[in-house]
Every structure is written in structure tokens, then in C-alpha cells.
Amino acid sequence: KKWWGSHFLVQPMGNGDNGVVLVLTSDQDFYASFNHGISNSFNGRLEVEFGGIAEVRAFDVNQNPIRVEVQQLTRGSTFSFPGDPTVMTVLDTSFYSDTLLWNTPSFPFSDDRAPIIFPTKDSSIATLDGTHLNRFPNTSITPIGTSSYSAVDPLVQPGEHHLYSPDPLF
């Protein structure tokens, strides 16, 4: 339960995703809002699918935040057959970090992207491999709901990557 939270930001992860599929679980029933729409859980579990990006909040019947675990399904790439589905833990915004390092492997016919959620005010300051997030070609920055965050998913080449921001991001 150490990674559970009540406030999450999500975006499609793979180029085969035209929406977001989430599974939220808790040890009690809860409600969740997705860009101002509300759904309720059954036996502490809620599965939802929606288009685009979303700000997700989990709460109880009295509108108090409730801690849940969130898993996101991605369908993988349309450039490989078959695409590799992945289940990824989505972190509450309180667990974001200002520095991320990872390695992107080299696969034939891949379209590797780095889906990034970051404070909107940092678009000209935060960098991926030394390039500011607002400077990637053919990539648009999309604000997420009423939050102070935005999403971007620039193409990346195989190899080591470094993401830095003065404020926490995911």
C-alpha cells in the first residue's frame, strides 16, 4: 500500500492506445472522478476506459480523499506484431520525482515515445536529454484537466535517457 494515493494524472502510453484503460483497487468501496465524470467501485474495484488524458481523484461517499492503487493497461506498439501489452503502476502526484533515468532498448520497427506528465509552468525549463519539453518537433503539449500539469510524448531513440525538471514530474 505504500504507493497508493488519491490524485493521479494519466495519458495514453503506447501508439496503439487511442484511450486510457485503468483498474483502480482499494480495501474499501470508493468513487473516482475522471475529468469531472464520476464512477463508483464495486467490492473495492473499478475498471474504466476513456479517451485522451485525465486527472483522476478517488474519494469516499463524503468526498474525502481515499487511497487506491491504480494500474494502467497499454496495448503496446502498432509497429510490432503482435503489440506487447503492459500493465503499469500509476503513481499519485505526491510520488513524482524531479529526475528520471532509463534505457530504451532497440527493437526493429519501433516507435519509442516517452509519455511525460510535468508541471505546465516548466515546459521551457524541464529537459529530456538536454532538450526542453516545449522544443520537441511534431509533439504537442496538452494540459490535464484543471490540474497544473500537462502531458507530452516525444519520440526517443534507443539508448539512455535523462529527464530533469526543477519540480516533480512522472
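Residues numbered from 1 in each chain as written. Predicted model: local features only at pLDDT ≥ 70, side-chain atom pairs only at ≥ 80, totals over all residues. Heavy atoms only, no water.

Enquirer: What should I look at first to understand the packing of aromatic side chains in this one?
Expert: By convention here, two paired aromatic rings are described through the distance between centres and the angle between planes. Per the stated rule, a full pass over the model turns up 5 aromatic pairs. Arranged with centres 5.5 Å apart and planes meeting at 45°, the rings of Phe 34 and Phe 50 form a pair that is tilted. Of the two residues, Phe 34 is situated in strand β3 (residues 31-34) and Phe 50 in strand β5 (residues 45-51); the sequence distance between them amounts to 16 residues. With a centroid separation of 5.7 Å and an interplanar angle of 85°, the aromatic rings of Tyr 96 and Tyr 149 are classed as edge-to-face. Of the two residues, Tyr 96 sits in the loop between β8 (86-90) and β9 (97-104) while Tyr 149 sits in strand β14 (residues 149-152), which places them 53 residues apart along the sequence. Neither residue differs from the other here; Tyr 96 and Tyr 149 are each classed as buried. (Phe/Tyr/Trp six-rings, centres within 6.5 Å; stacked < 30°, edge-to-face > 60°. Helix = DSSP H or I, 4+ residues; strand = E, 2+ residues; numbered from the N terminus. Buried < 20%, exposed > 50% of the residue type's maximum accessible area, 1.4 Å probe, protein only.)

Enquirer: Help me understand the sheet that holds β14 in this model?
Expert: Note: strands within a sheet are paired through backbone hydrogen bonds, in either parallel or antiparallel orientation. Read across the sheet, 3 strands follow the order β10-β14-β13 without closing on themselves; strand pairing throughout is antiparallel. Every interior strand has two partners, whereas the edge strands, β10 (116-119) and β13 (142-143), have only one. Both β13 and β14 contribute to a ladder of 2 bridges, which runs antiparallel. Counterpart to Pro 143 in the pairing with β14 is Ser 150. (Pairing = 2+ DSSP bridges.)

Enquirer: When you look at the pattern of salt bridges in this model, what are you seeing that I'm missing?
Expert: Scanning all chains against the criterion turns up 5 salt bridges. Two residues, Asp 122 and Lys 121, come together in a salt bridge whose shortest N-O distance is 3.6 Å. Residue class for Asp 122 comes out buried when judged on its relative accessible area of 2%. Residue classification places Lys 121 among the exposed residues on the basis of a relative accessible area of 59%. (Salt bridge = Lys/Arg side-chain N within 4 Å of Asp/Glu carboxyl O.)

Enquirer: Just checking my understanding: could you explain a nonpolar patch on the surface for this structure?
Expert: A cluster of nonpolar side chains, namely Tyr 31, Ile 38 and Val 61, defines an oily patch on the protein surface of about 300 Å² accessible area. By secondary structure assignment, the location of Ile 38 is in strand β4 (residues 37-40). The exposure class of Ile 38 is exposed, given its relative accessible area of 55%. (Patch = residues over 30% accessible without salt bridge, like charges linked within 9 Å, V, L, I, M, F, W, Y side chains within 5 Å. Areas by Shrake-Rupley, 256 points an atom, 1.4 Å probe, with all protein chains shown as cover.)

None of the figures reported here should be taken as evidence of function without further support.
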